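As a plain string of letters, each chain reads:
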Amino acid sequence: MIQSANKDNIERILRNIDRFQTGVGEGTTRVLFTEPELAAREYVKNEMKALGLEVKEDAIGNIFGTLKGSDPSLSPVWTGSHIDTVLNAGMFDGMAGVVCGLEAVRLIIVNGIKPKRDISVIVYTSEEPTRFGLSCIGSRALAGVLSLEDTKELVDKDGKNLYTLLDELGYKHDEFCDIMKQKGDVYASVELHIEQNDVLEKENIPIGIVKGICAPTNFSVTVKGVQGHAGGSPMSERKDAFMAAAELALVLEDAAKKSESEYITATVGKVDVFPNAVNVISGDTHMSIDIRSIDMAAKDVIIETLKYETGRIEKAKGVEINLHLENHDRPLKCDEKIINLEKDVCRCLNTDYKEMISGLIMTVFL
């Protein structure tokens, strides 16, 4: 008899996810290569080994737990996610995809199923930009768009670059060239992920099938004005860096709301105001901009709007604004064969589903 997912599977999944919670009432924090994240890595590798999987790590820290197939000439199937988090994250983000991938492989093993292709459960290094300000570090290396030289430029708030950190943790720089995968090296890649919205919950639909994945464009913005006293500087004479930044943020919001893209978001998530005092006009303000869309052209329209409005605001406010482009990634449409397979499975299980656009960031190899 084929063993399907049951109460024991669900309880094991929840136990494994709960194993990594680092705070009560304040979310979970596992920043790349910090003690909690390194502990989670060891735990996952031990779980992989307990299942009899072949466990390897590449030179950027991506972890592969592989159930060997019967035909080594065939390219593998991948599944998995990430275990690092933003600060005070939800408990399921990333980790659910890793734990459920392991549980799926467990069911394959206990039912004596012998796949032809290797099946790898993967932990991708640093999906979140929490430590180094760049998302999908492991995936970018796999795709060949992040080089070893690039890791020298990724610096955390303490001034340590990723290149040095990898060396300290024992990852071999001379193996970095082996990370990149070519087209055809991976047959298919799928990821289970929690919906980071409430669309499915509101519609009481359990499954979202992703048809397209948004890609981020990120800017760091610096606004230079003139610092002054709140009471001694007339409104007409001010060159307020924060107010200029705030106006640019509203321009961004308005441009996104007017976009004709099927799915687009624009976010200012971080603002640093200097000198950050109650009675002082800001002379220096920094902020982040995150633009995501399923349509590359739609992102380009917003970027052109930002550039135009930057010039206008500079003249109107008497400030200097620098837009530094951090990355400008291209959206991805998911493979129709995999989408149709997922639909077929849902229909066989008599489970409702909804096709969706994902606003998350991930790299998929087909």
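Residues numbered from 1 in each chain as written. Predicted model: local features only at pLDDT ≥ 70, side-chain atom pairs only at ≥ 80, totals over all residues. Heavy atoms only, no water.

Caption draft 1: Up close: the overall build of the protein chain. On a plain count of helices and strands, the protein chain comes out with 10 helices and 15 strands. A compact globule built from 366 residues would reach a C-alpha radius of gyration of about 21 Å, and the protein chain, at 23 Å, matches this within 12%. Summarising its shape, the C-alpha atoms of the protein chain cover approximately 80 × 45 × 40 Å along the three principal directions. The burial tally for the protein chain puts 43% of its 366 residues in the buried class. Look at the contacts in the protein chain between residues 6 or more apart in sequence, and 75% of them connect residues 24 or more apart. Looking at the protein chain as shown, the accessible area adds up to about 19,500 Å², and 52% of this sits on carbon and sulfur atoms. The positive charge centre, built from 42 side chains, and the negative charge centre, built from 58, are 2 Å apart in the protein chain. (Helix = DSSP H or I, 4+ residues; strand = E, 2+ residues; numbered from the N terminus. Rg over C-alpha atoms; globule rule 2.2 N^0.38 Å. Buried < 20%, exposed > 50% of the residue type's maximum accessible area, 1.4 Å probe, protein only. Contact = heavy atoms within 4.5 Å. Areas by Shrake-Rupley, 256 points an atom, 1.4 Å probe, with all protein chains shown as cover. Lys, Arg positive; Asp, Glu negative; His and termini not counted. Charge placed at Lys NZ, Arg CZ, Asp CG, Glu CD.)

Caption draft 2: Local environment of the packing of helix α1 (residues 7–18) against helix α3 (residues 95–110). Closest axis-to-axis distance for the α1/α3 pair is 10 Å, and the angle between their directions is 145°. Handedness of the α1/α3 crossing: right-handed. Touching Asn9, Arg12, Ile13, Asn16 and Ile17 of α1 are Met95, Ala96, Val99, Cys100, Glu103, Arg106 and Leu107, all from α3. The residue makeup of the contact of α1 with α3, split by class, is 7 nonpolar, 2 polar and 3 charged. (Axes fitted to C-alpha atoms, helices over the stretch in contact; angles between N-to-C directions. Left-handed = near helix turned anticlockwise from the far one by under 90°. Nonpolar A, V, L, I, M, F, W, Y, C, P; charged D, E, K, R; others polar.)

Caption draft 3: Broad picture of the sheet that holds strand β3 (residues 77–81). Pairing is mixed across the open sheet formed by 5 strands, whose spatial order is β1-β2-β4-β3-β5. The two strands at the open ends of the sheet, each matched to only one other strand, are β1 (54–57) and β5 (188–190). Across the sheet, the mean angle separating the axes of adjacent strands is 25° when strand polarity is ignored. Pairing analysis gives 5 bridges linking β3 to strand β4 (residues 119–123), with the strands arranged parallel. Counterpart to Val77 in the pairing with β4 is Ile119. (Pairing = 2+ DSSP bridges.)

Caption draft 4: Main features of the packing of aromatic side chains. Tallied over the full model, the rule gives 2 aromatic pairs. Taken together, a centroid distance of 5.8 Å and an interplanar angle of 35° make the contact between Phe33 and Tyr171 tilted. Placement of the pair is Phe33 in the loop between α1 and α2 (35–50) and Tyr171 in the loop between α6 (162–168) and β5, with a sequence separation of 138 residues. Residue class for Phe33 comes out buried when judged on its relative accessible area of 6%. On the numbers, 5.6 Å between centres and 65° between planes, the contact of Phe64 with Trp78 is edge-to-face. Remark: Trp78 occurs in strand β3 and Phe64 occurs in strand β2 (residues 63–67); sequence separation between them is 14 residues. (Phe/Tyr/Trp six-rings, centres within 6.5 Å; stacked < 30°, edge-to-face > 60°.)

Caption draft 5: Main features of the pairing of strand β12 (residues 284–293). Counting buried positions along β12 gives 8 out of 10 residues, so the element sits mostly inside the fold. Here 4 bridges tie strand β9 (residues 264–267) to β12, and the two strands are oriented antiparallel to one another. Bridge assignment links Ile264 to a residue of β12, and that residue is Ser293. Strand direction decides the pairing type here: strand β10 (residues 271–274) and β12, joined by 4 bridges, are antiparallel. Counted as the bridge partner of Val273 is Thr285 from β12.

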